[in-house]
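Geometric and topological summary
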Amino acid sequence: MICEFCGKEGARVRRITESLGKGAKLLVIEDVPMIFCPNCGQSYLTAETAHQIDAFRRSRKKLEKRSVDVARFDLR
Ligand SMILES: [Zn+2]
């Protein structure tokens, strides 16, 4: 895969879990295809992926409800 930033071959897709917002607004998205480039160190989402994430945020009612364990660092 060609990197969009440096134009070199070698960029790879890694599936990550992304969390957006917090508290009652927390949204967890699993298996987000993040692209990592070992040449320039960039990690980025394709426009298509970013668009899909936007769509998930807008259509929350259609999303799967799961109870999750949330850990938080103490700010003090
Ligand atoms: Zn690159």
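Details of the structure are given in the entry above.
Only a predicted model underlies this, so the values are computations on that prediction, with no experimental measurement involved.

So, how was this worked out
As a convention, each chain's residues are numbered from 1 in the sequence order in which they are written. Predicted model: local features are reported for residues with pLDDT of at least 70 only, side-chain atom pairs are reported and counted for 80 or more only, and whole-chain, interface and lining totals are derived from all residues. Side-chain numbers come from the whole structure's heavy atoms, not from hydrogens or water. At least two DSSP bridges between two strands are required for those strands to pair. Helix numbering and strand numbering both begin at the N terminus, where a helix is a DSSP run of H or I of at least 4 residues and a strand a DSSP run of E of at least 2. By definition, residues are in contact when any of their heavy atoms lie within 4.5 Å. Simply put, an axis is a line fit to the C-alpha atoms, just over the touching stretch for a helix, and the angle between two N-to-C directions goes from 0 to 180 degrees. Residue exposure (1.4 Å probe, protein chains only): buried if accessible area is under 20% of the type maximum, exposed if over 50%, otherwise partly exposed. Working definition: rings of Phe, Tyr and Trp (its six-membered ring) pair if their centres are within 6.5 Å, and the pair is stacked with planes under 30 degrees apart, edge-to-face with planes over 60 apart, and tilted otherwise. For a Lys NZ or an Arg CZ to count as sitting over a ring, it must be within 6 Å of the ring centre and within 35 degrees of the ring normal. Buried residues of nine kinds, namely Ala, Val, Leu, Ile, Met, Phe, Trp, Tyr and Cys, make up a nonpolar core once their side-chain atoms join them within 4.5 Å. Salt bridge, as applied in this entry: a Lys or Arg side-chain nitrogen positioned within 4 Å of an Asp or Glu carboxyl oxygen.

**Observations concerning the sheet that holds strand β2 (residues 27–36)**
The sheet built from three strands is open, its strands ordered β1-β2-β3 with antiparallel pairing. The sheet terminates laterally at β1 (12–20) and β3 (43–44), the two strands that pair on one side only. The strands touched by helix α1 (residues 47–58) are β1 and β2; relative to β2, the strand with the most contacts, the crossing angle is about 175°.

**Here's the deal with the environment of C6**
Positionally, C6 belongs in the segment before β1. Looking at C6, the relative accessible area reads 32%, which means it is partly exposed. Sequence separation between C6 and Q42 is 36 residues, and the spatial gap between their C-alpha atoms is 8.9 Å. Residues contacting C6, with those up to four places away along its chain left out, are C37, N39 and C40.

**What to know about the packing of aromatic side chains**
Scanning all chains against the criterion turns up one aromatic pair. Taken together, a centroid distance of 5.0 Å and an interplanar angle of 65° make the contact between F5 and Y44 edge-to-face. Linking F5 in the segment before β1 with Y44 in strand β3, this pair joins segments that are 39 residues apart in sequence. The aromatic ring of F36 is capped on one face by R14, whose charged end is 4.0 Å from the ring centroid.

**Observations regarding the nonpolar core**
One finds I16, L20, L27, I29, V32, M34 and I53 forming the largest nonpolar core, which totals seven residues. Elements with a contribution of two residues or more to this core: β1 and β2. The biggest single contributor to this core is β2, with four residues. Excluding residues within four positions of it along the chain, L27 makes contact with E18, S19, L20, F56, R57, R60 and L63.

**Focus: the pattern of salt bridges**
Applying the stated rule across the entire model yields four salt bridges. We note a salt bridge from R66 to E64, for which the minimum N-O separation is 2.9 Å. Since its relative accessible area comes to 59%, E64 is described here as exposed. When the shortest N-O distance is used, the salt bridge between D74 and R76 registers 3.5 Å. Each member of the pair, D74 as well as R76, carries the same accessibility label: exposed. Taken together, the shared-partner salt bridges connect E30, E64 and R66 into one network.

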